[in-house]
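Structural features, examined
Residue strings, one per chain:
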Amino acid sequence: MRQDLACQQDFEHQQNAELEKAREEIEKMKQQLQQKDVALQNAESKYNMLKGQVNLYIRDVKERANGSMFGKGKDLADLAMQLQSQINQSK
């Protein structure tokens, strides 16, 4: 009986050690996930900022192209519109 009790206690200690190891691994993975979430948010913010800048440049190009005499630069305005539509589609 004492041997059975000792074996049972050893088994319990082993199970508790494995459980603690699993909990530590879960905590490590949670921290990694949080870091990746922060990195993703930073990347999305940078993307949105750059997209806004590109859209401003496109707007400026359109204004300059459409404001020129005798329709000069219309091809530039068309190109700007194509670029803007591609950017908007890449969301």
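Scroll up to find the structure this text is about.
Quick look at the structure, then. As the structure is a prediction and not an experimental result, all values here were calculated from the model.

This brings us to the overall build of the protein chain. When helices and strands are counted, the protein chain shows 2 helices and 0 strands. For the protein chain, buried positions account for 8% of its 91 residues. Entry remark: accessible area of the protein chain is about 8400 Å², with carbon and sulfur atoms responsible for 55%.

Our focus in this paragraph is the environment of Asn55. By the element assignment, Asn55 lies in helix H1 (residues 2–66). Linking Asn55 and Asn88, residues 33 residues apart in sequence, is a C-alpha distance of 9.4 Å. Apart from the residues lying within four places of it in its own chain, the contact partners of Asn55 are Gln84, Ile87 and Asn88.

Conventions and cut-offs
For every chain, the first residue of the written sequence is number 1, and numbering continues from 1 along that sequence. Per-residue local features are limited, in this predicted model, to residues with pLDDT of at least 70; the limit for side-chain atom pairs, both in listing and counting, is 80 or more; totals at the level of whole chains, interfaces and linings are taken over all residues. Side-chain measures were taken over the full set of non-hydrogen atoms in the model, leaving aside hydrogen atoms and water. Numbering of helices and strands runs from the N terminus, with a helix taken as a DSSP run of H or I at least four residues long and a strand as a DSSP run of E at least two residues long. The rule is simple: take the accessible area with a 1.4 Å probe, protein chains only, and divide by the maximum for that residue type; under 20% is buried, over 50% is exposed, in between is partly exposed. Surface accessibility follows the Shrake-Rupley procedure with a 1.4 Å probe radius. Residue values consider only the protein chains on display as shielding. Every residue pair with non-hydrogen atoms within 4.5 Å of one another is taken to be in contact.

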